Amino acid sequence: MSTLVSAAPVLIVHASERPRLVEIHDNLFARVLEAEREGWLGEIEGLQSSLTHAEEKIAQLDARIARK
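Rules and cut-offs
- Residue numbers here run from 1 along each chain, matching the order of that chain's written sequence.
- Local features in this predicted model are restricted to residues whose pLDDT is 70 or higher, and side-chain atom pairs enter the listing and the counts only when it is 80 or higher, whereas totals over whole chains, interfaces and linings include all residues.
- The basis for every side-chain value is the complete set of non-hydrogen atoms in the structure, without hydrogens or water.
- To qualify as a helix, a DSSP run of H or I must reach at least 4 residues; to qualify as a strand, a run of E must reach at least 2; elements of each kind are numbered from the N terminus.
- Given a helix with a known number of residues, its expected span is that number minus one, times 1.5 Å.
- Note on classification: 1.4 Å probe, protein chains only; a residue is buried when its accessible area is under 20% of the maximum for its type, exposed when over 50%, partly exposed between these limits.
- Residue contacts are counted whenever heavy atoms from the two residues lie within 4.5 Å of one another.
- By definition, the arc is the one covered by directions from the helix axis to the C-beta atoms.
- As a rule, the C-alpha atoms of each element are fitted with a line to give its axis, helices using only the stretch in contact, and angles between N-to-C directions run from 0 to 180 degrees.
- In these notes the angle categories are as follows: under 35 degrees is roughly parallel, over 145 is roughly antiparallel, 65 to 115 is roughly perpendicular, and the rest is oblique.
- A clockwise turn of the near helix away from the far one marks a right-handed crossing, whereas an anticlockwise turn of less than a right angle marks a left-handed crossing.
- Three categories are distinguished: nonpolar for Ala, Val, Leu, Ile, Met, Phe, Trp, Tyr, Cys and Pro, charged for Asp, Glu, Lys and Arg, and polar for the others, with Gly belonging to the last.
- Every case where a carboxyl oxygen of Asp or Glu lies within 4 Å of a side-chain nitrogen of Lys or Arg is listed as a salt bridge.

J.: Can you walk me through helix α2 (residues 41-67) in this structure?
T.: Given 3.6 residues per turn, any residue in an α-helix points the same way as the ones three and four places further on. Here α2 contains 27 residues, and its C-alpha end-to-end distance of 40 Å stays within 8% of the 39 Å for a straight helix at 1.5 Å per residue. Of all the residues in α2, the buried ones are Ile44, Leu47, Leu51, Ala54, Ile58 and Leu61. Contact partners of the buried residues in α2: α1 (18-38).

J.: Whenever I open this one, α1 confuses me. Can you help?
T.: Along its 21 residues, α1 runs 30 Å from first to last C-alpha, staying within 8% of the 30 Å computed at 1.5 Å per residue. Restricting attention to buried positions, one finds in α1 the residues Leu21, His25, Leu28, Val32 and Ala35. Down the axis of α1, the buried side of the element spans an arc of 90 degrees, and every buried residue falls inside it. Relative to its buried face, α1 has exposed residues pointing more than 90 degrees away, namely Pro19 and Arg37. Elements that come into contact with the buried residues of α1 comprise α2. Gly39 sits one or two residues past α1 and shows a positive phi near 75 degrees.

J.: Explain the packing of α1 against α2 to me, please; I cannot follow it from the model alone.
T.: Two numbers describe a pair of packed helices, the interaxial angle and the distance between the axes. The geometry of α1 relative to α2 is characterised by a closest axis approach of 9 Å and an angle of 155 degrees between their N-to-C directions. In this view, α1 runs roughly antiparallel relative to α2, as classed from their interaxial angle. As for the relative orientation of α1 and α2, their crossing is left-handed in sense. Along the contact surface, α1 presents Arg18, Leu21, Val22, His25, Leu28, Phe29, Arg31, Val32, Ala35 and Glu36, while α2 presents Glu43, Ile44, Leu47, Gln48, Ser50, Leu51, Ala54, Glu55, Lys57, Ile58, Leu61 and Asp62. When the residues that make up the contact of α1 with α2 are grouped by side-chain class, the tally is twelve nonpolar, three polar and seven charged.

J.: Can you help me understand the pattern of salt bridges in this one?
T.: Proximity of charged atoms lets side chains of opposite charge pair with each other. Evaluation of the coordinates by the stated rule reveals three salt bridges. Here Asp62 and Arg18 are joined by a salt bridge, their closest N and O atoms 2.6 Å apart. A residue pair is termed long-range when its members are at least 10 positions apart, and Asp62 in helix α2 and Arg18 in helix α1 qualify at 44 residues. Using a relative accessible area of 28% as the deciding quantity, one classes Arg18 as partly exposed. Two residues, Arg37 and Glu38, come together in a salt bridge whose shortest N-O distance is 3.9 Å. On the basis of relative accessible area, Arg37 is assigned to the exposed category, the value being 59%.

In C-alpha cells, the structure reads:
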C-alpha cells in the first residue's frame, strides 16, 4: 500500500515584493472585517487562514532581510 504525502507549497518571496505582500495582507484584513460585519460566517475561516499565511510570509521575509 502506498502512502500519499502532501507537502505544503513553499513560496519564497523576493524582498522587492514586500510592498505587494503587505497590500495583499491589508486587503485580506479588510475582507475579514467585512465578512464579520456582514455575517458571512462561511467566508471568515478561509479569509482568516489566508491572512495568517500572509502574516507569516511577511515575518519570514522581514527575518531574511534582517539577516542580510
